[in-house]
Amino acid sequence: MTASLGLEVERRELPNGVVLLLHPEPRAPLVALRGSLPAGSSRETPETAGAAAMTSRLLRRGSRRSSGPEISARAEDLGAAFGVSSGVETAGFWARCLAPDTETILQVLREVLEEPAFPEDQVERTRREILTQIHEREDSTRYLADAGLFESLYPATHPYCRPLLGTAASISALTTASLREFHERWYGPRGIRHLSRT
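Predicted model, so just to flag it, every value in this text is computed and none were measured.

## What to know about the environment of isoleucine 134
And step 1. On the secondary structure map, isoleucine 134 appears in helix H4 (residues 120-137).
And step 2. Classification of isoleucine 134 as buried rests on a relative accessible area of 4%.
And step 3. Residues isoleucine 134 and glycine 166 lie 32 residues apart in sequence; the distance between their C-alpha atoms is 8.0 Å.
And step 4. With residues up to four places along the chain from it excluded, the contact list for isoleucine 134 reads Leu165, Gly166, Thr167, Ala168 and Ile171.

In C-alpha cells, the structure reads:
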C-alpha cells in the first residue's frame with residue numbers, strides 16, 4: 001500500500017497475529033524498528049496502579065539469561081540503541097541499528113520483552129526511583145493542572161484518572177509476583193499491535 005506521505009509501505013500479518021509494516025529504503029544503512037503492545041496503565045486496577053510503568057522500566061534491567069548491564073553492552077557494542085516505555089493505552093518498544101545488525105538487535109529485544117527476570121534488587125531500585133518521581137510531581141503545577149483536568153472529564157474510577165506512575169501507596173504495595181503477572185498477561189507476540197521497520 002502507499003502511505004499518504006508518498007512512502008511505499010508493505011503490510012504483512014505474521015502467523016502469530018503480529019502486523020508488520022515495512023518501508024524498505026535500500027540506500028539507508030540504518031534500520032529503525034518500532035512496535036507497541038496493549039500493556040499501558042489502562043490495563044491496571046486501582047490496586048496495581050503503576051504496574052505498567054514499573055514493568056516497562058524493569059524489562060531492561062535483567063533477563064533470565066543476562067544482567068541489565070550485559071543487555072545494554074550487547075547493543076552498545078554494535079553502536080545500536082533500544083528502549084521500552086509505557087503510556088496509558090500501550091507499551092512501546094523501539095530500536096535503531098545498522099542493517100547488518102538487525103538480527104542481533106531483534107534477539108536483544110525479544111529477550112528483553114519475553115524473558116524478564118525481575119531481579120529483586122532492581123525491583124526495589126525501580127520502586128525507589130518511581131517513589132521519588134511521585135514525590136517530585138506533587139510540586140509540579142503542570143502535573144496538578146493535568147490531573148485536575150482529567151478528574152473533571154472522567155469519573156474517579158476511570159483508568160484515565162489514575163496517574164501513569166501510580167500512587168505512593170500502590171507502588172509501595174506492588175510485589176514482584178504482581179509485576180510478573182502483569183507482564184505475562186499483556187506482553188508477548190500475540191499482544192503486539194504492530195511492528196514497523198524502516
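There's plenty left to go through after this.
## Some details on the environment of valine 9
And step 1. Its place among the elements puts valine 9 in the segment before strand E1 (10-13).
And step 2. In this structure, the C-alpha to C-alpha distance between valine 9 and leucine 21, residues twelve residues apart in sequence, is 6.4 Å.

## Description of the packing of aromatic side chains
And step 1. Evaluation of the coordinates by the stated rule reveals two aromatic pairs.
And step 2. With centroids separated by 5.1 Å and ring planes inclined at 80 degrees, the aromatic side chains of tyrosine 154 and tyrosine 160 adopt a geometry described as edge-to-face.
And step 3. For tyrosine 154, a relative accessible area of 27% gives the class partly exposed.
And step 4. A network of ring pairs unites the aromatic residues Phe150, Tyr154 and Tyr160 as a single cluster.
And step 5. The lysine or arginine in question, arginine 60, covers the ring of phenylalanine 82, its NZ or CZ lying 4.1 Å from the ring centre.

## Details of the nonpolar core
And step 1. Counting residues in hydrophobic clusters, the biggest one holds 36 residues, and the most contacted among them are Met54, Phe82, Ile105, Leu179 and Tyr187.
And step 2. Of all elements in the fold, only strand E3 (30-37), helix H1 (51-58), helix H2 (68-76), strand E4 (81-86), strand E5 (91-98), helix H3 (102-114), H4 and helix H7 (176-186) reach the threshold of two or more residues within this core.
And step 3. Excluding residues within four positions of it along the chain, isoleucine 105 makes contact with Leu33, Ala75, Ala80, Ala95 and Cys97.

## Notes on the confidence of the model for the chain
And step 1. Chain-level statistics for the chain give a pLDDT mean of 88 and a share of 88% at 70 or above.
And step 2. Of all helices and strands in the chain, the one with the weakest mean pLDDT is strand E6 (residues 194-197) (58), whereas H1 scores best (98).

## Some thoughts on the packing of H2 against H3
And step 1. Across the interface, H2 lies against H3 with an axial gap of 10 Å and an inter-helix angle of 160 degrees. With respect to each other, H2 and H3 are oriented roughly antiparallel. Here the hand of the crossing between H2 and H3 comes out left-handed. Across the interface between the two elements, Ile71, Arg74 and Ala75 of H2 pack against Ile105, Gln107, Val108, Glu111 and Val112 of H3.
And step 2. Residues of the contact of H2 with H3, tallied by class, amount to five nonpolar, one polar and two charged.

Cut-offs applied
- Residues numbered from 1 in each chain as written.
- Predicted model: local features only at pLDDT ≥ 70, side-chain atom pairs only at ≥ 80, totals over all residues.
- Heavy atoms only, no water.
- Helix = DSSP H or I, 4+ residues; strand = E, 2+ residues; numbered from the N terminus.
- Buried < 20%, exposed > 50% of the residue type's maximum accessible area, 1.4 Å probe, protein only.
- Contact = heavy atoms within 4.5 Å.
- Phe/Tyr/Trp six-rings, centres within 6.5 Å; stacked < 30°, edge-to-face > 60°.
- Lys NZ or Arg CZ within 6 Å of the ring centre and 35° of its normal.
- Core = buried A, V, L, I, M, F, W, Y, C linked by side-chain atoms within 4.5 Å.
- pLDDT = per-residue confidence, 0-100.
- Axes fitted to C-alpha atoms, helices over the stretch in contact; angles between N-to-C directions.
- Parallel < 35°, antiparallel > 145°, perpendicular 65-115°, else oblique.
- Left-handed = near helix turned anticlockwise from the far one by under 90°.
- Nonpolar A, V, L, I, M, F, W, Y, C, P; charged D, E, K, R; others polar.

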